[in-house]
Amino acid sequence: MAIYLCHDQPDLYEHEATVVARRPGAVALDRSAFHPGGGGQVCDVGSIEFSDGVRRVRAVEIESTPDGDRWWHLFADADGDAPDPAASDDGEVVVRVDAEHRLRVASLHTMSHVLNAFVFDEFAGSLVTGAQINGDGTGRMDFDLSAIDNDRLRALAAPVNDVIDRGLAVGAVYVSAEEAASTPGLVRSLSVAPPPTPDGRLRLIDIEGLDRQACGGTHLSNTAQSPRFEITKIENKGKHNRRIRFASTFPM
Ligand SMILES: [Zn+2]
């Protein structure tokens, strides 16, 4: 897992950057606070201000090149009338991450860790088999669970909301791969164990006194920032798989 700018500076929503490559409908920048998504989390959205206008960005795509990763920012209006950025400008731009979208995703993502912690505790180390955190304040997690009463899962919304009320600090820490391997429960996903950073460390998200798990996504800095958490549906997806659908209620 690379260490992204948004990992180092989670509160950075606006910064200057230089265009390093162009193609129809997209530019690559030398730096970007956008989170590119991954592990079930949608990517950031936002905009780039060029000398000849502003273009909305709908997604980031990372291309590996011999010179390192290239962060392509894909324009939302690529198919519309907006011209592609002029090759004649000096390439200095202002990058803006949509803070509301980031907060919605980070919030639900953080609460998915809390939910995961309670499922892990309550159901003897049950692991995650899939996850999706959407930009509209909804999401789902799949757990390797069988033969349990779905009401027990539904009841977990209450302790999750209790964690929101308690206002626990949330932060990232980096540990060595050895330390991670010798600490059970840090990697919760059956399918996707996040890869280590280039220097071999693993990024863990620590929720004060409650949970620690490997993750490369975006999160809140305190659980009190989250709106109320709701479990909207539980589905049985095969013999060993329960899908919990959930949502955050945001004031619009
Ligand atoms: Zn996470």
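Because the structure is predicted, anything quoted here is derived from the model rather than measured.

Conventions adopted
- All chains use their own residue numbering, which begins from 1 and follows the written sequence.
- The predicted nature of this model means local features are confined to residues of pLDDT at least 70 and side-chain atom pairs, given and counted, to a pLDDT of 80 or more, with totals for whole chains, interfaces and linings taken over all residues.
- Each side-chain value is derived from all of the structure's non-hydrogen atoms; neither hydrogens nor water enter the calculation.
- Salt bridge criterion: a side-chain nitrogen from Lys or Arg within 4 Å of a carboxyl oxygen from Asp or Glu.
- We count a stretch as a helix when DSSP gives it H or I for four or more residues in a row; a strand needs E for two or more, and each element gets its number in order from the N terminus.
- Exposure categories follow from relative accessible area, calculated using a 1.4 Å probe and restricted to protein chains: below 20% of the type maximum is buried, above 50% is exposed, and the middle band is partly exposed.
- Each aromatic pair joins two rings of Phe, Tyr and Trp (for Trp, the six-membered one) with centres within 6.5 Å, and gets the label stacked for planes under 30 degrees apart, edge-to-face for over 60, and tilted for any other angle.
- Under the convention used throughout, the expected extent of a helix is 1.5 Å for every residue step, that is, one less than its residue count.
- We call a set of buried residues a nonpolar core when its members are Ala, Val, Leu, Ile, Met, Phe, Trp, Tyr or Cys and they connect through side-chain atoms within 4.5 Å of each other.
- Donor atoms are limited to N, O and S found within 2.8 Å of the metal ion, a distance that becomes 3.2 Å for Na, K and Ca. With water left out, some sites might look partial.
- Under the classification used here, a metal with four donors is tetrahedral if each angle lies between 85 and 135 degrees, square planar if opposite donors are over 155 degrees apart and the others between 65 and 115, a six-donor metal meeting that same test is octahedral, and anything else is irregular.
- When DSSP finds two or more bridges between two strands, those strands count as paired.

Novice: Mind laying out the pattern of salt bridges, listing which residues take part and the relevant values?
Specialist: Within this structure, the stated rule accounts for twelve salt bridges. A salt bridge links Arg245 to Glu235; the nearest nitrogen and oxygen atoms lie 2.7 Å apart. Highlighted residues: Arg245 in strand β13 (residues 241–248) and Glu235 in strand β12 (residues 229–236), separated in sequence by ten residues. For Arg245, a relative accessible area of 31% puts it in the partly exposed group. The network of salt bridges with shared partners includes Glu14, Glu49 and Arg96.

Novice: With reference to specific residues and values, describe the packing of aromatic side chains.
Specialist: On inspection of all chains with the given rule, the structure shows three aromatic pairs. A centroid spacing of 5.9 Å and a plane angle of 90 degrees characterise the contact between Phe50 and Phe75, whose relative ring orientation is edge-to-face. A residue pair is termed long-range when its members are at least 10 positions apart, and Phe50 in strand β3 (residues 46–50) and Phe75 in strand β5 (residues 68–75) qualify at 25 residues. Relative accessible area serves as the criterion here: at 4%, Phe50 is assigned to the buried category. Exposure remark for Phe75: the relative accessible area of 2% places this residue in the buried category.

Novice: I'd like a rundown of helix α2 (residues 99–122), residues and numbers included.
Specialist: For α2, with 24 residues, the first-to-last C-alpha span of 34 Å sits near the 34 Å given by 1.5 Å per residue. For α2, the buried fraction is high: 17 of the 24 residues fall into the buried class. Count one or two residues on from α2 and you reach Ala124, which has phi positive near 45 degrees.

Novice: Could you give an account of the nonpolar core, naming the residues involved and the relevant values?
Specialist: The biggest cluster of nonpolar side chains holds 30 residues, and the ones touching the most others in it are Leu115, Val119, Leu153, Phe229, Ile244 and Phe246. Elements supplying a minimum of two residues to this core: α2, β7 (128–133), β8 (138–144), α4 (157–166), β10 (201–207), β12 and β13. Of all the elements, α2 adds the most residues to this core, at seven residues. Counting residues in hydrophobic clusters, the runner-up holds 19 residues, among them Leu5, Phe34, Phe50 and Val95.

Novice: Describe the coordination of the zinc ion, naming the residues involved and giving the relevant values.
Specialist: As a benchmark, a tetrahedral metal site with four donors has ideal angles of 109.5 degrees, while an octahedral site with six donors has ideal angles of 90 or 180 degrees. With distances of 2.0 to 2.1 Å, the protein atoms coordinating the zinc ion are His109 (NE2), His113 (NE2), Cys215 (SG) and His219 (NE2). Coordination geometry of the zinc ion: the four donor atoms subtend angles of 102 to 122 degrees at the metal centre, consistent with an arrangement described as tetrahedral.

Novice: Any chance you could break down the pairing of strand β1 (residues 14–23) for me, citing the residues and the numbers?
Specialist: Where β1 meets strand β6 (residues 92–97), five bridges bridge the pair, whose relative direction is antiparallel. Bridge pairing links Thr18 to Glu92 in β6. Pairing analysis gives four bridges linking β1 to strand β2 (residues 26–29), with the strands arranged antiparallel. Counterpart to Arg23 in the pairing with β2 is Ala26. Between β1 and β2, which pair antiparallel one after the other, the connecting turn spans two residues, and Gly25 there sits at a positive phi close to 80 degrees.

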